[in-house]
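Chain and residue survey
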Amino acid sequence: MDQDDQFLTQILSAIVEADVISIFFPLLRRALVIDMRESGENRPVIQIMGQANSMEERIVSIEKLRPNLGKIRSILGVPWLKSVRSVEEAGILDSLVDRLSAAGMHPAESRPALRRAINQLWNIERLAFVGLIQGEGYKTLWTSKQS
């Protein structure tokens, strides 16, 4: 088993346990955040958030958004350096659907919500790639001299 397989196996097993899952994309400065906690009318939440500077900052931001659910007991933070599309290809979305089902969210609700979030991230990734090609937001480190 190579390192990528071990990493993925660890992620998939940790998804089953975590109250909150944050898959963050450092190159996009965004994170897919899934808060599995639910109580009464408070259902699990799937959202795209800006990148936090630390897991503590992420925890504080989520607890502020959902103060009536109390403290987060466990959080899984996953740095994802590959493409947004590879999250689905790795089977992570299916695992998240299963986990959301266990938390009380029907797949007919969770799957489209995850799809919307992934599509939002994919659009951000695409715009970043176009910006890279066009040189927007980037500085030239060296120039070639032409005679």
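Residues numbered from 1 in each chain as written. Predicted model: local features only at pLDDT ≥ 70, side-chain atom pairs only at ≥ 80, totals over all residues. Heavy atoms only, no water.

Take the layout of surface pockets next. One number sums up the size of the largest pocket: a volume of about 220 Å³. Along its surface, the largest pocket is lined by 13 residues, and Leu 27, Leu 28, Lys 82, Glu 125 and Ala 128 are the ones closest to its centre. Considering every element that reaches the lining of the largest pocket, the biggest residue donor is helix α5 (residues 107-134), with four residues. Classifying every residue of the lining of the largest pocket by side-chain character gives ten nonpolar, one polar and two charged. (1 Å grid on protein atoms, 1.4 Å probe; cavity = no way out; pocket = protein on both sides within 12 Å on 5 of 7 lines; lining within 4 Å. Points joined across faces, edges and corners; volume = space filled by probe spheres on them. Helix = DSSP H or I, 4+ residues; strand = E, 2+ residues; numbered from the N terminus. Nonpolar A, V, L, I, M, F, W, Y, C, P; charged D, E, K, R; others polar.)

The set of residues buried in helix α2 (residues 55-65) consists of Arg 58, Ile 62 and Glu 63. Down the axis of α2, the smallest arc covering the buried residues is 130°, so these residues share one side. Of the residues in α2, the exposed ones pointing more than 90 degrees away from the buried face are Glu 56 and Lys 64. Close packing links the buried residues of α2 with β1 (20-25), β2 (30-35), β3 (45-50) and β4 (75-79). (Buried < 20%, exposed > 50% of the residue type's maximum accessible area, 1.4 Å probe, protein only. Arc of directions from axis to C-beta. Contact = heavy atoms within 4.5 Å.)

What follows deals with empty space enclosed by the protein. The final tally for this structure, using the stated rule, is one cavity of 30 Å³ or more. Put simply, the largest cavity is a space of about 30 Å³. Lining the largest cavity are Val 33, Asp 35, Val 45, Gln 47, Ile 62, Leu 65 and Arg 66. Looking at the lining of the largest cavity, the elements that each hand over two or more residues are β2, β3 and α2. Looking at side-chain class alone, the lining of the largest cavity contains four nonpolar, one polar and two charged residues.

This part is about the confidence of the model for the protein. Averaged over all residues, the pLDDT of the protein is 90; the fraction at 70 or higher stands at 92%. Across the protein, β2 holds the top mean pLDDT of 97, while helix α1 (residues 3-15) sits lowest at 90. (pLDDT = per-residue confidence, 0-100.)

Moving on, we come to the sheet that holds β4. As summarised here, the arrangement of the four strands in space is β3-β2-β1-β4, forming an open sheet in which the pairing is mixed. Both edges of this open sheet fall to β3 and β4, since each of them pairs with a single strand only. Across this sheet, the average inter-strand angle for adjacent strands is 15°, counted without regard to direction. Where β1 meets β2, six bridges bridge the pair, whose relative direction is antiparallel. Residue pairing in the sheet places Ile 21 in a bridge with Ile 34 of β2. α1 rests against β1 and β4 of the sheet, and its axis sits at about 155° to β4. (Pairing = 2+ DSSP bridges. Axes fitted to C-alpha atoms, helices over the stretch in contact; angles between N-to-C directions.)

The two faces of β4 differ: Leu 76 and Val 78 on one face are buried, but Ile 75, Gly 77 and Pro 79 on the other face are not. Of the strand pairs in this sheet, β1 and β4 are connected by five bridges, and their pairing is parallel. Each bridged residue has a counterpart across the sheet, and for Ile 23 the counterpart in β4 is Val 78.

Attention shifts here to a nonpolar patch on the surface. Taken together, the side chains of Phe 129, Leu 132 and Ile 133 present a nonpolar region at the surface, about 330 Å² in accessible area. Position of Leu 132 among the secondary structure elements: in helix α5. (Patch = residues over 30% accessible without salt bridge, like charges linked within 9 Å, V, L, I, M, F, W, Y side chains within 5 Å. Areas by Shrake-Rupley, 256 points an atom, 1.4 Å probe, with all protein chains shown as cover. Salt bridge = Lys/Arg side-chain N within 4 Å of Asp/Glu carboxyl O.)

Applying the stated criterion across every chain yields a total of eight salt bridges. A salt bridge links Asp 4 to Lys 82, with the shortest nitrogen-to-oxygen separation between them at 3.5 Å. Remark: Lys 82 occurs in the loop between β4 and α3 (85-89) and Asp 4 occurs in helix α1; sequence separation between them is 78 residues. Classification of Asp 4 by relative accessible area gives partly exposed; the value is 45%. Notably, a salt bridge pairs Glu 109 with Arg 43, separated by 3.0 Å at the nearest N-O pair. Of this pair, Glu 109 sits in helix α5 while Arg 43 is found in the loop between β2 and β3, placing the two residues 66 residues apart along the sequence. When salt bridges that share partners are traced, they join Asp 35, Arg 37 and Arg 66 into one network.

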